[in-house]
Amino acid sequence: MKDFGKMFGSRYSAVCVSDEEAGLNANQIGSDQINADGVAVGEGSPAAAATATAVSLPEPDPATNTATLAALQRAQRRKSLKANRSMKPMDILGTFFNEQRHGKHNARSPTRAFLLLAIGFLAITTAVLVKVFQPYDLIFKWKLVMADNGEIFNLWAQPPVDLYIKIYLFNITNAEAFLAGREKLKVEQVGPYVYKELMTHENITFNDNNTMSTTPSHPLVWQEHLSEGHKEDDEVIMLNIAMLAISHLTANHNYFFVRLPLQGLFASTKSEPIVRMTAKEFMFGFPSALATLGNTFLPNWISFEKVGLIDRMYDFSTDFETFHTGVPNPAISGLYDTYRGEKTLPQWEGDHCSNIEYASDGTKFKSFIQPNDTVKFFRKSMCRPINLYRTGEERTFGSLKGYNYVFEDNAFDNGAINEANKCFCRRGDCQPVGLIDVTDCYYGFPISLSFPHFMNGDVGLVENVTGMEPDPAKHSTAFVIQPESGLPLSLSVKVQINMHFKDLHNYQQVSQFSHLTAPMLWFEIMMPKLPDSLDTRFNFYLNLLPLVNPLGFWGALLLGVCLLGYAITRATLHMSSFTHQATISDGKYARANLLQNLTGSGANIGGGNQVYNPCELKLMDDMPAGKKHVIIRDHNADDAVYQERRQSAYALELEPALSDADSSDEGNESDTVTLSRNSTTSSSCIEVEPGDDDDDICIACFDDHDLDVADAVSQDNTEPKQQLGVSLASSGFASTTPSTNSSSSSSSSSSHVNKDSEKRSSSNSWTPYAHPEQFGGTGITKHLKGCRKKSAKSVGAPVETTVEAPTSEMRLLSKGKVFWNLTKVSINNQTPNVLVKLNPSSYSSKANDEGDKEEPPKQKLLRYPVLPLNDTLERFLLTAQPHLTPKEFEKQKEITQQFKDKEGDKLQGLLEEVGKREKNWLAQRWLTTAYLKYRDPVTVYISPGMTFPYQKFKDMRDYVDYTAKVIYGLGEFKGIVDAGQIPIVKMGKNELDNSQFGKVFGTCRIPIRGTDRIVYNPCSNYIVVIYKNHFYKLCLYDKDGCLLSAKSLAKQLDEIMAAENDFGVPYGILTTDNRDNWAEAYEQLAKTPENCEALNTIQRALFTVSLDQCIDVEPEQQATQLILGLIHGNGSKINSGNRWMDKTIQLVVNPNGNVGFTYEHSPAEGQPIAMMMDYVVKKMGEDKNYGSSGSSETGGKPQKISFAKPNPCVDQWIFYAKRNIDKLVHDLECNVLKFKCYGKDYIKKQKLGPDSFVQMALQLAFYKMHKVPGAQYESAHLRIFENGRTETIRSCSNESLAFCKAMTEGKASVKEKAALLREAVVGHQKYARLALQGLGVDRHLLGLKMMAQENDLPIPEFYSSPGYTKSMHFRVSTSQVATTYDAFMGYGPATDDGYAACYNPRDRDIIVAITSWSYNFETNPDKFAKALEAAFLEMQDVLDKDPQDNKPKSKL
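Nothing here was measured: the structure is a model prediction, and the numbers come from that model.

Trainee: When you look at the nonpolar core in this model, what are you seeing that I'm missing?
Mentor: Across soluble globular proteins, nonpolar side chains show a tendency to be buried alongside one another. Core analysis: the largest hydrophobic core is formed by 119 residues, its most contacted members being Leu169, Phe479, Ile497 and Phe513. By size, the runner-up hydrophobic cluster in this structure holds 59 residues, among which are Leu1147, Val1155, Tyr1186 and Val1377.

Encoded structure:
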């Protein structure tokens, strides 16, 4: 920038100065030139020529030169500014027209500046027009208008959407007992029976009043594959609608003339009030002698011969409708104008009940909907318009965003609550709350509508019929509408059809129906989502096209301003030289001339009003090396070569004329230190402002090559600014001599630091810590891991903190570069008084570098192998086969073979080389890839919840004492871990790695954009308690290091709870958000010292304890609410802010009895957490006085951890986090199945493995629901290897698919089913054993893919093949976390269309926590739980009927 400033300033230096200002005498020659020897020569003057031979250039005086040069520059500046101020307006305008046309004297043509000026004004005018007229709004409104063959019109006329109707029938199960009066009517729900609705608007004509007329058509097409095994010919027992309707209508008529003949008719036709028929007959019409007679004798009333409810609902033969076209108001396009020629429905009185104008038929709703607007919906089957209201937050469907709209409250209350609804009381007769009388719409039959299962209805409606189970989650109606367009993104309309009877005692056959509301069916009209074609189209209209307005405005405005600025600047520069007739010549010796004039040696040369010849414009190549500052990278060179930037123009070697000499940057320039390297990575230039003695700054850079030792550059703090040019070497940060060009300038202010750490320590104030690591490079390498500044303020022994080292896997970011910055924020604000060290991934909580403490005996653990490629690919093909058709499988075999022959062998070789250098090549890569780089929230997606057995607290005293005992137990368990007393378990002859137990206490995840970081603080001595969003530091040990007793801990908890009456700022909710969002918020928080200290304190705690606010839980929902509260805290308005999700261990205790852990999954698997829970619960159960043996000291008062008042930016992030967690809470559905019919004892008696048995039950449940095999993930530990984490057990196999088909297709015998079940279980057991030995498929294939990424190789086609992608799309994510207690673990699904199922198989029962996403209509945890329960029972039934000891061998 300084060189640019010089060049720019030099444009202003080519101006004249007067003789007086220059200190020259009045006898100078006015038009003479100066020759090479410094002699003035006049044009054609012999005297001048003679003089030229006699005059020579004197030796200049440096002091005079400097003073004169300064005077000249000040004079030039004054002259230039004065001249510019004196110019006339026409002169200024003339600068835009100064180019002479050839052949015309004084004729001028527009310059480039004028053209740019005109374009600039035009661009600004365009910006104003865009702002005023908003072109996108005009285009969008034009598109909304219905015009013949218009785009929106065609979509409305024949909507290309998947619209379905799901029908559930109420099958009567006690017909005989009910008719005899012994029991209440008992029904069971049967269904769904699914039909696709082909909705169209036909015979469309456009009217003169801006409306269009049409006749609707809604034919239905049977969808057996969506009906979950139900068929149209299923037999059901249902009401005889015709007989009951006639009885109801004539119940009070004359006996002799009406009722008696009808009774005879009933008898002659053998009519019964409850009849057996098929599902299709009931829905679309069953033969009825009564209906036939009615159609014969009363055709105007009964126009049909068969009675079917769905058939009548979808009879649109007599309907005609008119809709608005959107002229002149585009917002109402596609909305009703009239129905059957009227704006109101004849059966109701008053606009509230009858007016259907501006209602939607579901194809398109009102556009430009405001948040408080009411949206109206009308459907013939509902017989009334109904208002919709917005609720909840914005939702995303595909690429579009919309809002939930639901029916108005008390929609069916008939005026009991909402007076306006009294108009729905037919003829003044108000039915019970929850019903609406639609007799007039259903041919006079006593039909009433309600919500499914009488939801929100009168209590008597539910009590009079057995089998009603209203559930808002299942039976509520919801529309998702895009507000700008009115486009429905999703809809689900749920309505129940009932028969509501009055007194029927005059007919003996039907008297039991008197005053009864009998449910017949309920239906759901649904559109799960928009088709992809519509989603793409409207994404363009609603998300991309709106950018026209802001981009058009700002683009035109910025272009105009830039062009105007450039044109004016260009003209201004030209004015200066044009006004004074100054030109810049190319004279070779102008510099000598100028020096001669400055020294006065040319006293007899020149004349009045002379123009100085400018200095020669010298190439930068000729400048001294110390003056060069611009460094560029030659990307085309094979070796790393730095080049000085060559300027294509000349540059004046003078200070700018418009600045004084004493204000220039000369003498204050930053020096550049250049380090050489041998790679193609571009250099970095870092400017460091020197700080005070307390500043802690450490910068370490890691590029896409293996690292050795980083060079550091120490600068003198007296310099006002330091500039460090850093070059990263591929083979290491080798210290080299600075280049020739920079050595001279750097020697005075910079020093190079070599690899010698002692020398580095003595030369500056930084203490670096380097540890041997293996990153895939050759030989033993070292890395700059972190640094700690020696500060006088550091008191006491520092706490040692370890930070996970970056590995080659981390080099995937930013096109092969990762910057691991332990900067001022991460040192000062996270770990003050801490030595930050990067250790190998092996971990010991007892050791330090000095070796002053003995390490526990080192375990004998295996190296993690690199498997033979051929074996892995063979196993992969077997696991992929169930997901492929035979043709796809043959293609997959070809792709796999090509992969093996080509890329696979090369990648295998690279991985084998890494495997030789690293004892566990997977550990750090898995941690980074699976966890630290994962950007979705840890809440739900990463962090599971682990429940304790449900507690029944007597009062708050009991609640606090229990919490204190659990804290004490965790402290005791940590002592066992620290002492190395966790038993070493063997699998066969191999020990299992116990290192994960040491990684859970004092561990915290730190949010960093792109890739998070983990810090370990195992030597911490306190915990953090979170209560009402306030944070408190609670000491866990006394001054002698003894664990405090539960009583002492309880006292501190009491003090915390007594201190807080109000809720604090929910900083903890930030940790529930997307990791990059949280990283941004973290940076904002860390800007204040108070917040830095607070963050440090929380991160270094051993664990956190969340004292939650009590929420009421229904007994039947207890388990579900328990696990959800642990997974996400139930939302921003409940307990989600009372967390710190980055901590590995969070103990959550709720006064309602819900207790458990929320644990951040990165450092460890679930079993250590489950063992911890087992230990604490066991100890507390064995000893009622547990915790009393601890230290009786108080431990001091709990210290409040204070944050600074949040700035607007932090407030904004908190707002976003609240919104996001509430959406996550809404989207996650859960069902905890506690299967009590049998447990693992029964399974073992069948000589089958309990885990594999449960896995096959999950496979069967998924297949029963979705009719396809589900790729199923089960984690297998790799603890026989050092730092081993997990391998994938692929539970879906050829054997499991054969078993599922046999169980569902009904063709196999019991013996065949039992044999296939046993074969599937054994096959799973064999694969599980392989996975536990590190012989699975997934981690090896992942390693090969990482080799391609780490070595900048293309990703092979194999990884996008159908077999790989389908078998990797784990729709069922499972894990067994076993404990003997009534406890379990739960977490979120891995895919949008899948489930998570974490199970605890106990001796006599099996607990399974099932979750799925509510926005996916294909998945439902309640249905899956029922299917799983059925699978358990069916498998038991098969085994009981075919007991057998022979166990077939698997094909795997």
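Past the structure itself, the notes keep going.
Trainee: Just checking my understanding: could you explain the pattern of salt bridges for this structure?
Mentor: Side-chain pairs of opposite charge can arise whenever the charged atoms involved come near each other. Applying the stated rule across the entire model yields 46 salt bridges. Here Asp1012 makes a salt bridge to Arg1075, at a shortest N to O gap of 2.7 Å. Within this pair, whereas Asp1012 is found in the loop between β40 (1003-1006) and β41 (1013-1016), its partner Arg1075 is found in helix α30 (residues 1075-1085), the two being separated by 63 residues in sequence. Judged by relative accessible area, which is 0%, Arg1075 ranks as buried. One continuous salt-bridge network, built from bridges that share partners, spans Arg935, Arg1005, Asp1012, Arg1075, Asp1076, Asp1142 and Glu1160.

Trainee: Help me understand unusual backbone geometry in this model?
Mentor: With glycine set apart, most residues show a phi of negative sign, and most peptide bonds adopt trans. Gly191 connects to Pro192 through a cis peptide bond whose omega is 15°. Positive phi is not limited to glycine here, since Asn414 has a value of about 55°. Relative to the helices and strands, Asn414 is located in the loop between β18 (400-407) and β19 (436-437). We note that Phe454 has phi near 55°; this positive angle belongs to a residue other than glycine.

Trainee: Any chance you could explain the confidence of the model for the protein here in plain terms?
Mentor: The predicted coordinates of low-pLDDT regions are not to be read in fine detail. Summing up the model confidence of the protein, the mean pLDDT is 76 and the portion of residues at 70 or higher is 71%. Mean pLDDT in the protein bottoms out at helix α23 (residues 824-828), which sits at 29, and peaks at strand β44 (residues 1104-1107), which reaches 97. Across residues 577-853 the pLDDT falls below 50, and counting only partners more than four positions away or on other chains, this stretch makes 566 contacts in the model. Considering only residues more than four positions removed or in separate chains, one finds that residues 1446-1452, a stretch of pLDDT under 50, has 22 contacts.

Trainee: How do you make sense of the sheet that holds strand β47 (residues 1199-1201) when you look at a structure like this?
Mentor: Sheet strands line up and pair through hydrogen bonds in the backbone, either parallel or antiparallel. The strand order across the open sheet formed by eight strands is β47-β43-β42-β44-β45-β46-β37-β52, and the pairing between neighbours is mixed. With partners counted over all chains shown, the strands left at the sheet margins are β47 and β52 (1385-1386), one partner each. Taken together, the three bridges between strand β37 (residues 945-947) and strand β46 (residues 1155-1159) define a ladder with antiparallel strand orientation. Looking at β46, one finds that Met946 is bridged to Phe1157. Across the sheet, helix α28 (residues 956-978) lies against β42 (1022-1027), β44, β45 (1145-1149) and β46, angled at about 160° from β45, the strand it touches most.

Trainee: Can you help me understand the pairing of β42 in this one?
Mentor: Side chains on a regular strand alternate between the two faces of the sheet. Extensive coverage of β42 is indicated by the burial of six of its six residues. On β42, burial covers both faces: Tyr1022, Val1024 and Ile1026 on one face and Ile1023, Val1025 and Tyr1027 on the other are all buried. Bridge count for β42 against strand β43 (residues 1030-1035) is six bridges, and the pairing is antiparallel. Bridge pairing links Tyr1022 to Cys1035 in β43. The antiparallel pairing of β42 with β43 creates a hairpin that spans two residues between the two strands, and Lys1028 there sits at a positive phi of about 55°. Across four bridges, the pairing between β42 and β44 is parallel. Opposite Ile1026, over in β44, you have Ser1106 as the bridge partner.

Trainee: How do you make sense of the environment of Lys919 when you look at a structure like this?
Mentor: Relative to the elements of secondary structure, Lys919 occurs in the loop between α25 (886-917) and α26 (923-932). Along the primary structure Lys919 and Glu1282 are separated by 363 residues, whereas in three dimensions their C-alpha atoms are 7.3 Å apart. Every residue in contact with Lys919, bar those within four places of it in the chain, is listed here: Leu861, Leu862, Arg863, Tyr864 and Glu1282. Separated by 3.1 Å, the side chains of Lys919 and Glu1282 make a polar contact.

Trainee: I tried to follow the state of the cysteines on my own but got confused; where do I start?
Mentor: As used in these notes, a disulfide is a covalent bond between sulfur atoms, one from each of two cysteines. Per the stated rule, a full pass over the model turns up three disulfides. Bridging Cys383 to Cys441, the disulfide has an S-S length of 1.6 Å. Between Cys383 and Cys441 the sulfur-sulfur dihedral comes to about 60°; the bridge is accordingly right-handed. Here Cys441 lies in the loop between β19 and β20 (447-450) and Cys383 lies in the loop between β16 (375-379) and β17 (384-397), a separation of 58 residues in the sequence.

Trainee: Quick question: what am I supposed to make of the side chain of Asn1416 here?
Mentor: Summarising the element assignment, Asn1416 is placed in the loop between β54 (1406-1413) and α41 (1421-1441). Residue Asn1416 is classed as buried on the basis of its relative accessible area of 15%. From its side chain, Asn1416 meets the backbone nitrogen of Glu1418 in a polar contact 2.8 Å long. A distance of 3.4 Å separates a polar atom in the side chain of Asn1416 from the backbone nitrogen of Thr1419. Not counting chain neighbours up to four residues away, the residues in contact with Asn1416 comprise Asp1392 and Asp1393.

Trainee: In this structure, what is going on with the sheet that holds β54? I would like to understand it.
Mentor: As summarised here, the arrangement of the six strands in space is β48-β54-β53-β51-β49-β50, forming an open sheet in which the pairing is mixed. Pairing within the sheet leaves two strands with one partner each, and these edge strands are β48 (1228-1235) and β50 (1286-1290). Taking each pair of neighbouring strands and ignoring which way they run, the sheet shows an average axis angle of 25°. Two strands pair when backbone bridges link them, and β48 and β54 are joined in this way by eight bridges, in the antiparallel orientation. Paired with Lys1234 across the bridge in β54 is Ile1407. Packing against the sheet, helix α39 (residues 1338-1350) makes contact with β49 (1272-1277) and β50, and its axis sits at approximately 120° to β50.

Trainee: Explain helix α37 (residues 1294-1305) to me, please; I cannot follow it from the model alone.
Mentor: What sets the pattern is the α-helix's 3.6 residues per turn: residues three or four places apart point alike. With 12 residues, α37 should cover 16 Å at 1.5 Å per step; its first-to-last C-alpha distance of 16 Å lies within 8% of that length. Elements that come into contact with the buried residues of α37 comprise α36 (1250-1266), α38 (1310-1332) and α41. Among the residues trailing α37, Gly1306 stands out with phi positive, at a value near 75°.

Trainee: Any chance you could explain helix α31 (residues 1089-1100) here in plain terms?
Mentor: Its 12 residues place the ends of α31 16 Å apart at the C-alpha level, agreeing with the 16 Å of an ideal helix rising 1.5 Å per residue. Among the 12 residues in α31, nine count as buried, and that is most of the element. Turning to α31, its buried residues number three or more, namely Asn1091, Cys1092, Ala1094, Leu1095, Asn1096, Thr1097, Ile1098, Gln1099 and Arg1100.

Rules and cut-offs
- Residues numbered from 1 in each chain as written.
- Predicted model: local features only at pLDDT ≥ 70, side-chain atom pairs only at ≥ 80, totals over all residues.
- Heavy atoms only, no water.
- Core = buried A, V, L, I, M, F, W, Y, C linked by side-chain atoms within 4.5 Å.
- Buried < 20%, exposed > 50% of the residue type's maximum accessible area, 1.4 Å probe, protein only.
- Salt bridge = Lys/Arg side-chain N within 4 Å of Asp/Glu carboxyl O.
- Helix = DSSP H or I, 4+ residues; strand = E, 2+ residues; numbered from the N terminus.
- pLDDT = per-residue confidence, 0-100.
- Contact = heavy atoms within 4.5 Å.
- Pairing = 2+ DSSP bridges.
- Axes fitted to C-alpha atoms, helices over the stretch in contact; angles between N-to-C directions.
- Polar contact = N/O pair within 3.5 Å; in protein donor to acceptor, adjacent residues only side chain to side chain.
- Disulfide = S-S within 2.5 Å.
- Expected span 1.5 Å × (residues − 1).

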